[in-house]
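Fold and contact review
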Amino acid sequence: MKVLIIGSGGREHAIAWHLLKSPRVSQVFVAPGNGGTATHEGLSNLNIQAPEELADFASREGIGMTVVGPEAPLAAGVVDAFKARGLAIFGPTKASAQLESSKDFAKQFLVRHQIPTAAYATFEDPQAAHAYIDQQGAPIVVKADGLAAGKGVVVAMTLDEAHTAVDAMLGDGALGQAGARVVIEEFLTGEEASFIVMADGQNILPLASSQDHKRLLDGDQGPNTGGMGAYSPAPIVSPVIHDRIMREVIQPTIEGMASDGLPYSGFLYAGVMIGDGDDATRPIKVLEFNCRMGDPETQPIFLRLRSDLLDALEAATQGRLNEITLDWDPRTALGVVMASANYPDTPRTGDAITNLPQNTDTCVVFHAGTTLDGQTLRTSGGRVLCVTALADTVEEAREDAYAIVDQIQFEGAQFRRDIAWRALKS
Ligand code: AMP
Ligand code: GLY
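One structure accompanies this document, and this report is about it.

**Focus: the sheet that holds strand β18 (residues 332-339)**
Hydrogen bonds between backbone atoms are what pair the strands of a sheet, whose relative direction is either parallel or antiparallel. What the 5 strands build is an open sheet, ordered β12-β15-β18-β22-β19; its pairing is antiparallel. Each having just a single partner strand, β12 (211-212) and β19 (363-367) make up the two edges of the open sheet. In the sheet, β18 pairs with strand β22 (residues 383-391) via 8 bridges, with the strands oriented antiparallel. Residue pairing in the sheet places V336 in a bridge with V387 of β22. Where helix α13 (residues 394-407) meets the sheet, it contacts β18, β19 and β22, and its direction lies at approximately 30° from that of β18.

**Details of a negative patch on the surface**
A contiguous patch of negative charge on the surface is contributed by D392, E395, E396, E399 and D400. Assignment of secondary structure puts D400 in helix α13. Residue classification places D400 among the partly exposed residues on the basis of a relative accessible area of 36%.

**Structural notes on the site of ligand 1**
As a matter of local geometry, ligand 1 sits amid 13 residues, with E185, L188, E192, K214 and E288 nearest to it. The contact in question runs from a nitrogen atom of ligand 1 to an N or O atom on the side chain of E185, over 2.8 Å. One nitrogen or oxygen atom from the main chain of L188 is found 2.8 Å from a nitrogen atom belonging to ligand 1. Broken down by secondary-structure element, the contributors of at least two residues to the shell around ligand 1 are β7 (140-144), β8 (153-156), β9 (182-186) and β17 (284-290).

**What to know about the site of ligand 2**
The immediate surroundings of ligand 2 are formed by D212, K214, G226, Y269, N290, R292, G294, D295, P296 and E297. In this structure, an oxygen atom belonging to ligand 2 sits 3.2 Å away from a side-chain N or O atom of N290. Interatomic distance of 2.9 Å between a side-chain N/O atom of E297 and a nitrogen atom of ligand 2. In terms of residue class, the shell around ligand 2 is made up of 2 nonpolar, 3 polar and 5 charged.

**What about the packing of helix α8 (residues 126-136) against helix α9 (residues 159-171)?**
For the pair α8 and α9, interaxial distance at closest approach is 10 Å and the crossing angle is 165°. Compared by their axis directions, α8 and α9 come out roughly antiparallel. Between α8 and α9 the crossing geometry is right-handed. On the side of α8, the interface is formed by P126, A129, H130, I133 and D134, while α9 contributes L159, A162, H163, V166, D167 and L170. Counted by class, the contact of α8 with α9 contains 7 nonpolar, 2 polar and 2 charged residues.

**With respect to unusual backbone geometry**
The step from A31 to P32 runs through a cis peptide bond, and the omega angle for that step is 0°. Checked against the element boundaries, P32 lands in strand β2 (residues 27-32). A cis amide bond links S232 to the next residue, P233, at an omega of 0°. Relative to the elements of secondary structure, P233 occurs in the loop between β15 (229-232) and α10 (239-259). At D220, a residue that is not glycine, the phi angle is positive and equals roughly 55°. By the element assignment, D220 lies in the loop between β13 (215-217) and β14 (221-224).

**Considerations on the side chain of Q211**
Mapped onto the fold, Q211 is located in strand β12. A distance of 2.9 Å separates a polar atom in the side chain of Q211 from a polar atom in the side chain of E191. Side-chain polar atoms of Q211 contact the backbone oxygen of E192, separated by 2.7 Å. Excluding its chain neighbours within four sequence positions, the residues that come into contact with Q211 are E191, E192, G229, A230, Y231, A234, I236 and R422.

**Focus: the pattern of salt bridges**
If you walk through the whole model with that rule in mind, you get 29 salt bridges. Between R24 and D311 there is a salt bridge, and its shortest N-O distance comes to 2.7 Å. Linking R24 in the loop between α1 (10-19) and β2 with D311 in helix α12 (residues 309-317), this pair joins segments that are 287 residues apart in sequence. Classification of R24 by relative accessible area gives partly exposed; the value is 35%. When salt bridges that share partners are traced, they join E191, D220, R416, D418, R422 and K425 into one network.

**Re the nonpolar core**
Membership of the largest hydrophobic core comes to 48 residues, with the highest contact counts inside it found for L4, F82, L99, V249, I250 and F289. Top contributing element to this core by residue count: α10, with 7 residues. Counting 33 residues, the second largest nonpolar core, distinct from the first, contains V67, M293, I301 and L321.

Conventions we followed
Residues numbered from 1 in each chain as written. Chains lettered and ligands numbered in written order. Predicted model: local features only at pLDDT ≥ 70, side-chain atom pairs only at ≥ 80, totals over all residues. Heavy atoms only, no water. Pairing = 2+ DSSP bridges. Helix = DSSP H or I, 4+ residues; strand = E, 2+ residues; numbered from the N terminus. Contact = heavy atoms within 4.5 Å. Axes fitted to C-alpha atoms, helices over the stretch in contact; angles between N-to-C directions. Patch = residues over 30% accessible without salt bridge, like charges linked within 9 Å, V, L, I, M, F, W, Y side chains within 5 Å. Areas by Shrake-Rupley, 256 points an atom, 1.4 Å probe, with all protein chains shown as cover. Salt bridge = Lys/Arg side-chain N within 4 Å of Asp/Glu carboxyl O. Lys, Arg positive; Asp, Glu negative; His and termini not counted. Charge placed at Lys NZ, Arg CZ, Asp CG, Glu CD. Buried < 20%, exposed > 50% of the residue type's maximum accessible area, 1.4 Å probe, protein only. Near = heavy atom within 4 Å. Polar contact = N/O pair within 3.5 Å; in protein donor to acceptor, adjacent residues only side chain to side chain. Nonpolar A, V, L, I, M, F, W, Y, C, P; charged D, E, K, R; others polar. Parallel < 35°, antiparallel > 145°, perpendicular 65-115°, else oblique. Left-handed = near helix turned anticlockwise from the far one by under 90°. Core = buried A, V, L, I, M, F, W, Y, C linked by side-chain atoms within 4.5 Å.

Structure below.
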């Protein structure tokens, strides 16, 4: 079977890399892909992005399965375009993808279905938003309603920061239409985890747990980013917490979407905040939904996946996910993101990347913001590489990943030194 992956990041490289393992996969296209997918044996880049053109390609080329990596094509209706032509594609429709593309939609949904989340209010009028912030006090969280490529959330520790965020979004239109409406929500404390499942409208298949590192700098300092590293499994997701997230968050979400007339098929990522206390009673609240796999969470998660991903994708698009079980490598996988100079503000591009190692079964360098310039690999975006290693313990996975990180060279590389610190704290 020929398969198509839509997207250009490390997540898409990891999905494509895994599908190459399937004995039933003959060819993997990545649209548009990156410098890593361009040079990876068995992968072919495809320079098209418009939903209708992708559907044209899929039908002309006889693509048997398409997987959508990022949120933008989902929100643009790529799944609707493929389904209208009877093409197999895994991802939610544009209407269902509102769980990610509108924070207000997600919050209304959560409240309507009594799924725990932070208290909130939604505003379009800056005066009303300022008044609400003064009434609630700080810390408080201001979120652009629409998709803002990871720049839409301001965790304001002071009233000043919160007011400034409202002025930027509602007043100055800093985020364009995405910020023309804001959700202002209660500040939550605890430990975050990424809980990702596959869903087929009705059945749910959980993937391995993971934990991201959103801040740029060690010790969770500095600005928010798309994610600077991740590992799997996440010890915070104990068997009790796992069952509670399934029962309190994921099942009511899939049931709620179906009963709202928007059956959800695709990867569903719940970012949850797990409060303090005993596992049986500590609060678990939804921070956000993403209608896709996480990046960089996908890279360590898929390094651990032993089952054939194509079997699961096919079952999911055919509504028989209940027939699938996934086999996970019990070891720990850990991915360190190497980002370019000036990320996340204005990432510098064009730096040559050298000293990349050969991939092995237990260490893979997934590419994101890279491009091939003749024979030279260059940086072309904020997050450049995700160096991912699999080992018996968290410590060893971390050592293996950083040994490779220290070897790879490009000017101005930024990375954290403390990925998985929560798993290692005693
Ligand atoms: P989101 O895109 O909604 O996940 O927000 C990005 C990051 O902001 C999250 O991963 C959290 O670290 C933080 N965040 C979002 N909402 C809250 C909240 N209500 N309380 C505390 N931190 C939050
Ligand atoms: N790593 C966070 C995300 O994919 O949204």
